Amino acid sequence: MPKKTTRTNIKSKHHALKITILIFGVFVFVVGLTVFLNFKSQQSCANSISCIENLTGQKEDDNQGEYLGKIVNTPEEEDRVYALEDTQFVLGDTTNTLNRRLYVDLSKQRLFAFEGDRLIYDFPVSTGKWWATPTGEFRIWTWLRYTRMAGGSKANGTYYNLPNVPYTMYFANNAITRTRGYGVHGAYWHNNFGQPMSHGCVNMKIEDVEKIYNWSFKNTTIPLVIYGTTPKV
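Residues numbered from 1 in each chain as written. Predicted model: local features only at pLDDT ≥ 70, side-chain atom pairs only at ≥ 80, totals over all residues. Heavy atoms only, no water.

Draft legend 1. Examining the pairing of strand β6 (residues 118–124) more closely. Across six bridges, the pairing between strand β5 (residues 110–115) and β6 is antiparallel. Paired with Phe114 across the bridge in β6 is Leu119. Turn length for the β5-β6 hairpin, with the two strands adjacent in sequence and antiparallel, is two residues, and the turn residue Gly116 shows positive phi of about 65°. (Pairing = 2+ DSSP bridges. Helix = DSSP H or I, 4+ residues; strand = E, 2+ residues; numbered from the N terminus.)

Structure below.
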């Protein structure tokens, strides 16, 4: 009898150990999954719904959008049919012989364009309010005369879905990939430039961003340097 009891106790201990290991494994899996999902959620896409899927640069017939629960309309302008080369350009190879540089100062909410030591443009911008605008040195990798941008959250009132966003210049680097959807572009849905208003992009007045678009077009060697700290609003 004592031998049978001993074997039963050993089996019980092994069974308990297996259960403990299983529970611990499930716990580790849940914690790991939580950390992974949290990390993925932090890798926001500034344009999180369409997320740069349309790179044609062509204007849509739809001219009504939504921004923070309000209906907004694209501005009226002369209709024209754009050829692809007029609206979209990817991976230009023009050399930066004029030493052109773009800077965005988050603290001052300004964009500066230089040629050598000469300041060419100085414009107000609106950077990230609901999601931070990334800092660092970037390159513009595509120019789009028009594009649709969508993202945010209806639950917390930050949702937007905007057709025909004008003069969009998407930028990226090794840390902030193209799929994150960050860009410099015109904004027709607000007029609060000089104050944070975006989901991570750099918003500009349409007449201002048109100048930057044409000044930089097809030149991916121009660095875009974003620095400073966005003011709290």
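From this point, the narrative continues.
Draft legend 2. Summary view of the nonpolar core. By size, the foremost hydrophobic cluster in this structure holds 27 residues, and its most contacted members are Leu102, Val184 and Met204. Counting residues per element, the ones that place at least two in this core are β4 (100–105), β5, β7 (136–151), β8 (160–172), β10 (202–204), α3 (206–216) and β11 (223–227). Sort the elements by how many residues they give to this core and α3 lands first, with four residues. Excluding residues within four positions of it along the chain, Met204 makes contact with Leu111, Phe123, Pro124, Val125, Val184, His185, Gly186, Ala187, Phe193, Val209 and Ile212. In terms of nonpolar packing, the next biggest core, distinct from the first, is built from 15 residues, Val72, Met149, Val165 and Tyr170 among them. (Core = buried A, V, L, I, M, F, W, Y, C linked by side-chain atoms within 4.5 Å. Buried < 20%, exposed > 50% of the residue type's maximum accessible area, 1.4 Å probe, protein only. Contact = heavy atoms within 4.5 Å.)

Draft legend 3. Layout of the packing of aromatic side chains. In total, this model carries 11 aromatic pairs according to the counting rule given. Plain terms: the ring middles of Trp143 and Phe217 are 5.9 Å apart, the flat faces sit at 85° to each other, and that makes the pair edge-to-face. Of the two residues, Trp143 is situated in strand β7 and Phe217 in the loop between α3 and β11; the sequence distance between them amounts to 74 residues. Using a relative accessible area of 24% as the deciding quantity, one classes Phe217 as partly exposed. Ring plane angle 80° and centroid distance 4.9 Å describe the contact between Tyr188 and Trp189, whose orientation is recorded as edge-to-face. Here Tyr188 matches Trp189 in class, with each residue buried. Clustering of aromatic rings is evident, with ring pairs tying together Trp143, Tyr167, Tyr213 and Phe217. Geometry around Tyr167 places Arg145 over its ring, the cationic atom sitting 3.9 Å from the centre. (Phe/Tyr/Trp six-rings, centres within 6.5 Å; stacked < 30°, edge-to-face > 60°. Lys NZ or Arg CZ within 6 Å of the ring centre and 35° of its normal.)

Draft legend 4. Structural view of the pairing of β11. Where β4 meets β11, four bridges bridge the pair, whose relative direction is parallel. Among the inter-strand pairings, Tyr103 is bridged to a residue of β11, identified as Val225. Where β7 lies against β11, four bridges are found, and the strand directions are antiparallel. Counted as the bridge partner of Arg139 is Pro223 from β11.

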